[in-house]
Amino acid sequence: SSAEEEEGQLKGKVPYMSPEQAQGLPLDARSDIFSLGVMLFQMTTGQLPFTGDSMATLMFKIANDEHPDILGVNPALPAELRAIIDKALSKSVNDRYSRGAQLVKDIDVCLAKVGAAE
């Protein structure tokens, strides 16, 4: 469900919100990195990292709960991908990628390792 409402209301899709967005804190590019981490998690596991039966429950989980280990959901995934997703989904903005280019570089390295292993 979309939270796009009137001016001053939450904007965006709740499952993809960063913890700081769910808490109404200031946002920067690292918030977008978190949202990208949610998409990577979903693309590689087939499920969202955070779910809830209400918007309030979901926002609480995003802000406070750790995401599941992707290898627990799909053991066939490379451990390097777990490290990338874990960093992108860090609750602390200071522990996340600060720039998208860093994330892309790590994904490229991961893909190269996976390709070399085949």
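See above for the structure.
Report on the accompanying structure. Everything numeric in this text was worked out from a predicted model, so none of it was measured.

## Observations concerning the overall build of the protein chain
Scanning the protein chain from terminus to terminus reveals 6 helices and 0 strands. Secondary structure of the protein chain in N-to-C order comes out as α-α-α-α-α-α. Here the protein chain, with 118 residues, has 32% of them falling under the buried criterion. A sequence separation of at least 24 residues applies to 51% of the contacts in the protein chain between residues at least 6 apart. If you sum the accessible surface of the protein chain, you get close to 6,900 Å²; carbon and sulfur atoms cover 53% of it.

## Re the environment of Ala 22
Secondary-structure assignment places Ala 22 in helix α1 (residues 19-22). Sequence separation between Ala 22 and Lys 61 is 39 residues, and the spatial gap between their C-alpha atoms is 9.5 Å. Not counting residues up to four positions away in its chain, the partners in contact with Ala 22 are Met 17, Met 59 and Ile 62.

## Let's talk about a nonpolar patch on the surface
Together, Leu 36, Met 39 and Met 43 make up an exposed nonpolar region whose accessible area comes to about 290 Å². When you line up the elements, Met 39 lands in helix α2 (residues 29-45). The class for Met 39 is partly exposed, based on a relative accessible area of 37%.

## What to know about the nonpolar core
By size, the foremost hydrophobic cluster in this structure holds 23 residues, and its most contacted members are Phe 34, Ile 62, Ile 70, Leu 81, Ile 85, Leu 89 and Tyr 97. Listing elements by their share of this core, those giving two or more residues are α2, α3 (55-64), α4 (70-73), α5 (79-88) and α6 (100-117). Apart from residues lying up to four places away in sequence, Phe 34 is in contact with Met 17, Ser 18, Pro 19, Phe 50, Ile 62, Ala 88, Leu 89, Ser 90 and Arg 96.

Basis of the calculations
Residues numbered from 1 in each chain as written. Predicted model: local features only at pLDDT ≥ 70, side-chain atom pairs only at ≥ 80, totals over all residues. Heavy atoms only, no water. Helix = DSSP H or I, 4+ residues; strand = E, 2+ residues; numbered from the N terminus. Buried < 20%, exposed > 50% of the residue type's maximum accessible area, 1.4 Å probe, protein only. Contact = heavy atoms within 4.5 Å. Areas by Shrake-Rupley, 256 points an atom, 1.4 Å probe, with all protein chains shown as cover. Patch = residues over 30% accessible without salt bridge, like charges linked within 9 Å, V, L, I, M, F, W, Y side chains within 5 Å. Salt bridge = Lys/Arg side-chain N within 4 Å of Asp/Glu carboxyl O. Core = buried A, V, L, I, M, F, W, Y, C linked by side-chain atoms within 4.5 Å.

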